[in-house]
Every structure is written in C-alpha cells, then in structure tokens.
Amino acid sequence: VQLVESGGGLVQPGGSLRLSCAASGFTFSSYSMSWYRQAPGKERELVARIISVGGSTIYADFVKGRFTISRDNAKNTVYLQMNSLKPEDTAVYYCNAQRAWYDYWGQGTQVTVSS
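Residues numbered from 1 in each chain as written. Predicted model: local features only at pLDDT ≥ 70, side-chain atom pairs only at ≥ 80, totals over all residues. Heavy atoms only, no water.

Draft legend 1. Broad picture of the pairing of strand E11 (residues 109–113). Only one face of E11 is covered, namely the face carrying Thr109, Val111 and Val113; the face carrying Gln110 and Thr112 is uncovered. Two strands pair when backbone bridges link them, and strand E2 (residues 9–11) and E11 are joined in this way by three bridges, in the parallel orientation. Its bridge partner being in E11, Gly9 is matched across the sheet by Val111. Direction of pairing for strand E9 (residues 91–99) relative to E11: antiparallel, over a ladder of three bridges. (Buried < 20%, exposed > 50% of the residue type's maximum accessible area, 1.4 Å probe, protein only. Helix = DSSP H or I, 4+ residues; strand = E, 2+ residues; numbered from the N terminus. Pairing = 2+ DSSP bridges.)

Draft legend 2. View of the pattern of salt bridges. Using the criterion set out here, one finds four salt bridges in the structure. We note a salt bridge from Arg37 to Glu45, for which the minimum N-O separation is 2.9 Å. Residue classification places Arg37 among the buried positions, given a relative accessible area of 5%. Of the charged contacts in the structure, one is a salt bridge between Arg66 and Asp89, with a shortest N-O distance of 2.7 Å. With Arg66 in the loop between strand E6 (57–59) and strand E7 (67–72) and Asp89 in the loop between strand E8 (77–82) and E9, this pair connects stretches of sequence that are 23 residues apart. For the pair formed by Arg66 and Asp89, the shared burial category is buried. Among the charged side chains, a network of salt bridges with common partners joins Arg37, Glu45, Arg66 and Asp89. (Salt bridge = Lys/Arg side-chain N within 4 Å of Asp/Glu carboxyl O.)

Draft legend 3. The arrangement of the sheet that holds strand E3 (residues 17–24) in detail. Sheet architecture is open: four strands sit in the order E1-E3-E8-E7, paired in antiparallel fashion. The open sheet has two free edges, formed respectively by strand E1 (2–6) and E7, since each of these has just one partner strand. Between one strand axis and the next, the sheet turns through 15° on average, direction left out of account. Here six bridges tie E7 to E8, and the two strands are oriented antiparallel to one another. From the neighbouring strand, Ile69 faces E8, where its bridge partner is Leu80. (Axes fitted to C-alpha atoms, helices over the stretch in contact; angles between N-to-C directions.)

Here is the structure:
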C-alpha cells in the first residue's frame, strides 16, 4: 500500500495550491479518503473527507468555502484544492485512506503560507 502526496510548497497569503495523493496497493474506490494536517506543536486534525460511495464531503469549519476535496477513481487519486490560503494553514498535510479497520497514511507534504 502506498499513498504519495505532492503539490505542497511555499505560497503567499491569499494564494492557492492543489495537493494530490496518488494511491496504490488497495481498492481505492472502496475507501473514504481524507486530508489531515499537523502544524508544529499541534495535534493532527482533519481537514476534509470524501466518502467512497456517493462522494459526499466533510470539511473542517476552518477551511469551509476555501478548500475543496475531490477524487478521481480512474486515476486512484484524491485532490485538495486550497484557495485563499492563510498563514495559519501552514502545516504538513497528510493523505489518509480508511475502510473498516484498514487505515493508511501518506508521508505528508509541507505547505507553508508566508509573505
């Protein structure tokens, strides 16, 4: 099983980034996919989730209206479009795949929002 995140980097406040997570080694379409983040000195927190069936989404209050999660089951990839970025969005962003008792994590990608 592999989850490989990409797309992180340095961006100015108000800017945009799109994170990607390429999955392999499991039946991607059967898993709910999530993005979490962890800032220095803080606990890991849920950013957004897209469920396996129906594509319903859940967002943390602090990203509602700014971030959009989506998935492409044909490409085994989940995305996080991040707009109107703020310095407080600075964190390592992790991709997560979950189904029943199966729970997989990527290695994370750094997002830094700074002028």
